[in-house]
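The chain contents come next:
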Amino acid sequence: MNDTNTKPDVLWAGRLEKKPQAEAFEFQASLRIDKRMAAEDITGSRAHAAMLGRQGIIPEETARLLDTELAHIAREIEDGSLQIDEGAEDIHSFVESVLTARLGNEGRTIHAGRSRNDQTAVDFRLYCKKAVLRIDAELGRVLNALLDAAETHAESIMPGYTHLQRAQPVTLGFHLCAWACALTRDKSRFADALRRLDESPLGAGALAGSTLNIDRPQTAKALGFARPTLNAMDSVAARDFAIELAASCAIAQSNLSRFCEDIVLWASEEFKFIDLAEEWSTGSSIMPQKKNPDFAELIRGKAGRTVGNLVTLLSMVKGLPYAYNKDLQEDKEALFDSFDTLETCLRMFAGMIASARFNTGRMRAACGGGFLEATDCAEYLVTKGLPFRKAHELSAVIVRDCIAKGLPGIASMGLKTLKTYSPLIGDDIIEKLSPESCVSSRSSFGGTAPAEVRRQIAALQTAAAASLAIMRS
Ligand code: ARG
C-alpha cells in the first residue's frame, strides 16, 4: 500500500496496522459536518478536564493546563488564527491532536473516562440546545410580525375558505391569528423537546460507563444540563432527541408552507389580496410585467427537505442494534440542515409579512356575491325557533332561488319576498346578512368577531413573549 496516500495520524492508529486509502478515510470521516460543533466540543472537554482534576484522576496542575489550552484553542478557532485541519477524522480528534501537539503527554490525558461516542452525543446536545433557543427567538419574531398585522386588521373583512371555496366572512386579523396559533404550538413543541434532551451523556464512555472515579453529575452541571443521562448505553445509542427536533422543524416548516400557499394565492391577479413589497418579490427574465412571490414559494418548497431530514433520521435508527453504530454519524447533517432551513425561512417569512400591504378593499369586495351569509340566514331562523336542519334547507332554497333570479345575495331578494318563505322571517333579517354583521355576530369563544380576535391576539402575544431564553436564565 502506498503510505503517502493514507492517514496514519488517527486516534485508533494503535490497533490497525493498515490505514484506509484517502478516499475511504474521507468517506468515514465526519469533520466536514461536525466541525460546526468545535465550540461545543471544547466546552465539553473543559468540563471533562476540570472534573478529571477534581476527582484526582489527573493532577490538578494538568487539568489547569488543559483548561487554559482548550480556552486558547477555542479563541483561535473563533478568530480564525487556528484553521481546522480538513484532513482530520472528526472535530474530537482535531481538538485532541492540537492539545497533544501543544502539551505533549499532558494533552494525552484528556480522553480518560470518556469515548468519542459520548463526546459526540454531548457536543450534539449542546449544539441543539443553542439552536433551539435561536429558533425560539425567530418564532417569536414571526409571531410579533403576524400579531402586529392582526391588530391592524382585526376588523378588515375577507372571505374565509373551506375547500378553497368562499365559505363565511372572517377578518384578516382572525386569519392571521390562525397562523399564529400554529406557530405558538411550534414554539411549545421545541420547548418540550428541549426539556427531554437536557441531559448530559458525558462520561457514558463507549457504552458502559467507566472504571475511573468520574463524576458525571459534576460535568452535567458544569455544562448547564439539568442532569446526567441515567444509563450509559442509552446515552450513546439514543437519537430520539434529534428526531424530535427534526419533527418539530418539519412541522413548523409545513405550517410555514401553508401560510405561504395562502400568500401565493393572495398575491395572484385572481385574488389580489396582498401586495408583497418589491424587495420581497422577484421579476421574470422574459415577462416584463411579472412580480413573483418567489420567497413564499421557496419557503413552501423547502418544507420538503425538512420532511426528508426527518425521514432520514427515522430510517437511520430503525432496526439499529444497541449501542453505538457508525450509522449514527448521519444524524448531524440531517438535523443541521433542518435547523438552517427553518431558521432562514422564519427570518424570510417575518421580513416578507412585515413589509406586505393587504388590499382590504378587494378582500371586502370578495365577500359579496358568493352567498357567504347563507349560514347566518339559517342561524337567524334557528334563533326564531326553527330546528337547524329545517333552517338549513330553507336557506338553501332561498339561495337557489336567488341564483335562478340572478341575485347577488339573500338581502337583495327584498324583505317582502323573503317573508313569503317563512312567517319566522322578520324585519330584522336584512341587517343580519351584511358581511360586517356576519363577522361581528360570530362572537363565540374563538370566533371571528373583532372583540374576540383582539382577545386572541392578547393571548398569543403572551405566548410569543414567553421566550425560552428568559425561561432558562
Ligand atoms: N464521528 C462520530 C459520530 O458522529 C463520532 C463517534 C465515533 N465513534 C466511533 N467509535 N467511531 O458519530
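Keep in mind it's a predicted model, so treat the numbers as computed, not measured.

Draft legend 1. Just the overall build of the protein, in detail. Per the secondary structure count, the protein includes 20 helices and 6 strands. The C-alpha atoms of the protein give 31 Å as radius of gyration, which overshoots the globular expectation for 473 residues (23 Å, by more than 25%). Within the protein, contacts between residues at least 6 apart in sequence are counted, and of these 73% link residues at least 24 apart. Roughly 22500 Å² of accessible area belongs to the protein as shown, and the carbon and sulfur atoms make up 54% of that amount.

Draft legend 2. Molecular detail of the packing of helix 7 (residues 172-197) against helix 10 (residues 240-266). Packing of helix 7 against helix 10 brings their axes to within 9 Å, and their N-to-C directions diverge by 170°. It follows from the interaxial angle that helix 7 and helix 10 lie roughly antiparallel. Broken down by class, the residue content of the contact of helix 7 with helix 10 amounts to 16 nonpolar, 3 polar and 5 charged.

Draft legend 3. Fine view of the site of the ligand. Surveying the vicinity of the ligand reveals the residues Ser30, Asp34, Asp90, Arg116, Asn117, Thr120, Tyr324, Gln329 and Lys332. Contact between the ligand and Ser30: a nitrogen atom at 2.9 Å from a side-chain N or O atom of the residue. Between an oxygen atom of the ligand and a side-chain N or O atom of Thr120, the distance comes to 3.4 Å. About the coverage of the ligand: the protein hides 84% of its 340 Å² of free accessible area.

Draft legend 4. Highlighting the side chain of Ser395. Tracing the backbone through its elements, the reader meets Ser395 in helix 15 (residues 388-405). With near-sequence residues (within four places) excluded, Ser395 lies in contact with Ala374, Cys377, Ala378 and Leu381.

Draft legend 5. Structural view of the packing of helix 6 (residues 116-152) against helix 19 (residues 450-465). Where helix 6 contacts helix 19, the axes come no closer than 10 Å and their chain directions differ by 160°. Put simply, helix 6 runs roughly antiparallel to helix 19. In this structure, helix 6 crosses over helix 19, and the sense of that crossing is left-handed. Residue-level inspection shows Gly140, Leu143, Asn144, Leu147, Ala150 and Glu151 of helix 6 in contact with helix 19, the latter providing Ile457, Leu460, Gln461 and Ala464.

Draft legend 6. Local environment of the pairing of strand 2 (residues 165-171). One ladder, built from 6 bridges, connects strand 1 (residues 157-162) with strand 2; its direction is antiparallel. Residue pairing for strand 2: Met158 is matched across the bridge by Val170. Hairpin remark: strand 1 followed by strand 2, antiparallel, with 2 residues in the connecting loop; positive phi at His163, about 55°.

Draft legend 7. Spatial organisation of the nonpolar core. Residues Trp266, Phe339 and Phe349 are the most contacted members of the largest nonpolar core, which totals 80 residues. Of all the secondary structure elements, the ones that give two or more residues to this core are helix 6, helix 7, helix 10, helix 11 (294-317), helix 12 (331-355) and helix 19. Within the second largest apolar cluster, 23 residues are counted, among which are Ile42, Met51, Val95 and Ile110.

Draft legend 8. Representation of a nonpolar patch on the surface within the structure. Together, Leu207, Met233 and Tyr322 give the surface a local cluster of nonpolar side chains, amounting to about 310 Å² of exposed area. Along the polypeptide, Tyr322 turns up in the loop between helix 11 and helix 12.

Draft legend 9. Representation of helix 6. Here helix 6 is 37 residues long and its end C-alpha atoms lie 54 Å apart, about the 54 Å a rise of 1.5 Å per residue gives. Of all 37 residues that make up helix 6, 27 are buried, and the element is covered over most of its length. The opening residue of helix 6 is Ser115, an N-cap whose side-chain oxygen sits 2.8 Å from the backbone nitrogen of Asn117.

Draft legend 10. Spotlight on the packing of aromatic side chains. In the structure shown here, the tally under the stated rule is 12 aromatic pairs. Ring centres of Tyr161 and Phe271 lie 5.8 Å apart, and the angle between their planes is 50°; on these two criteria the pair is classed as tilted. With Tyr161 in strand 1 and Phe271 in the loop between helix 10 and strand 5 (274-275), the pair connects residues that are 110 residues apart, well separated along the chain. Since its relative accessible area comes to 15%, Phe271 is described here as buried. Aromatic pair Phe259 and Phe349: ring centres 5.8 Å apart, planes at 50°, arrangement tilted. A residue pair is termed long-range when its members are at least 10 positions apart, and Phe259 in helix 10 and Phe349 in helix 12 qualify at 90 residues. Residue Phe259 is classed as buried on the basis of its relative accessible area, which comes to 4%. Looking at Phe349, the relative accessible area reads 0%, which means it is buried. Ring pairs connect the aromatic residues Tyr161, Trp179, Phe259, Trp266, Phe271, Phe273, Phe349 and Phe358, which therefore count as one cluster. Taking NZ or CZ as reference, Lys129 lies 4.5 Å from the ring centre of Phe225, over its face. Positioned over the ring face of Phe124 is Lys332, at 5.3 Å from the centre of the ring.

Draft legend 11. Quick look at the confidence of the model for the protein. On average, residues of the protein score 93 in pLDDT, and 96% of them are at 70 or above. Segment residues 1-8 is flagged for pLDDT under 50; beyond a separation of four residues in sequence, or across chains, it makes 15 contacts in the model.

Draft legend 12. Geometry of the environment of Phe259. Along the chain, Phe259 and Ala180 lie 79 residues apart, while their C-alpha atoms are 10.0 Å from each other. Ignoring any residue separated from it by four or fewer positions in sequence, one finds Phe259 in contact with Trp179, Ala182, Leu183 and Phe349.

Draft legend 13. Fine view of unusual backbone geometry. The step from Tyr322 to Ala323 runs through a cis peptide bond, and the omega angle for that step is 5°. Checked against the element boundaries, Ala323 lands in the loop between helix 11 and helix 12. The phi torsion at Leu164 lies on the positive side, around 55°, for a residue other than glycine. As for its placement among the helices and strands, Leu164 is situated in the loop between strand 1 and strand 2. Judged by its relative accessible area of 52%, Leu164 falls in the exposed class. Phi at Phe371 takes a positive value of approximately 55°, unusual for a residue other than glycine. Within the secondary structure, Phe371 is located in the loop between helix 13 (360-365) and helix 14 (374-383).

Each value, and the rule that gives it
By convention here, each chain's residues receive numbers from 1 onward along its written sequence. Local features in a predicted model are, by the rule used here, given only for residues with pLDDT of at least 70; side-chain atom pairs are given and counted only at 80 or more, and totals for whole chains, interfaces and linings are based on all residues. Just so you know, side-chain values use all the structure's heavy atoms and leave hydrogens and water out. Helix and strand definitions follow DSSP, with helices as H or I runs of at least four residues and strands as E runs of at least two, each counted in order from the N terminus. This radius of gyration counts C-alpha atoms alone. The globule rule is 2.2 Å times how many residues there are, raised to the power 0.38. The contact criterion used throughout is that any non-hydrogen atoms of two residues lie within 4.5 Å. Using a 1.4 Å probe, the Shrake-Rupley method yields the accessible areas, and only the shown protein chains count as cover for residues. Here, axes are lines fitted to C-alpha atoms. For helices the fit covers the stretch in contact, and angles between N-to-C directions go from 0 to 180 degrees. Each angle is binned into one of four classes, with values under 35 degrees roughly parallel, values over 145 roughly antiparallel, values of 65 to 115 roughly perpendicular, and all other values oblique. Amino acids are sorted into nonpolar (Ala, Val, Leu, Ile, Met, Phe, Trp, Tyr, Cys and Pro), charged (Asp, Glu, Lys and Arg) and polar (every other residue, Gly among them). Summary of the distance rule: residues count as near a molecule or strand when at least one heavy atom falls within 4 Å of that molecule or strand. Under this definition, polar contacts are N or O atom pairs within 3.5 Å; protein pairs additionally need one hydrogen-donor-capable and one acceptor-capable atom, and for neighbouring residues in sequence, both atoms have to be side-chain atoms. In a left-handed crossing the near helix is turned counterclockwise from the far helix by less than a right angle, and in a right-handed crossing that turn is clockwise. Pairing between strands requires that DSSP locate at least two bridges from one strand to the other. By nonpolar core is meant a set of buried Ala, Val, Leu, Ile, Met, Phe, Trp, Tyr and Cys residues that side-chain atoms within 4.5 Å join together. Each residue's exposure class comes from its accessible area (1.4 Å probe, protein chains only) as a fraction of the maximum for that residue type: buried when under 20%, exposed when over 50%, partly exposed otherwise. Like-charged residues within 9 Å of one another, or nonpolar side chains (Val, Leu, Ile, Met, Phe, Trp, Tyr) within 5 Å, are grouped into patches, provided each residue has over 30% relative accessible area and no salt bridge. Put simply, a salt bridge is a Lys or Arg side-chain nitrogen that is within 4 Å of an Asp or Glu carboxyl oxygen. Multiplying 1.5 Å by the helix residue count minus one yields the expected span of that helix. Only Phe, Tyr and Trp rings are paired, with Trp represented by its six-membered ring, and only when their centres lie within 6.5 Å; those with planes under 30 degrees apart are stacked, over 60 edge-to-face, the remainder tilted. Placement of a charge over a ring requires the Lys NZ or Arg CZ to be within 6 Å of the ring centre, with the centre-to-atom vector within 35 degrees of the ring normal. The predictor attaches a confidence to each residue, called pLDDT, with possible values from 0 through 100.

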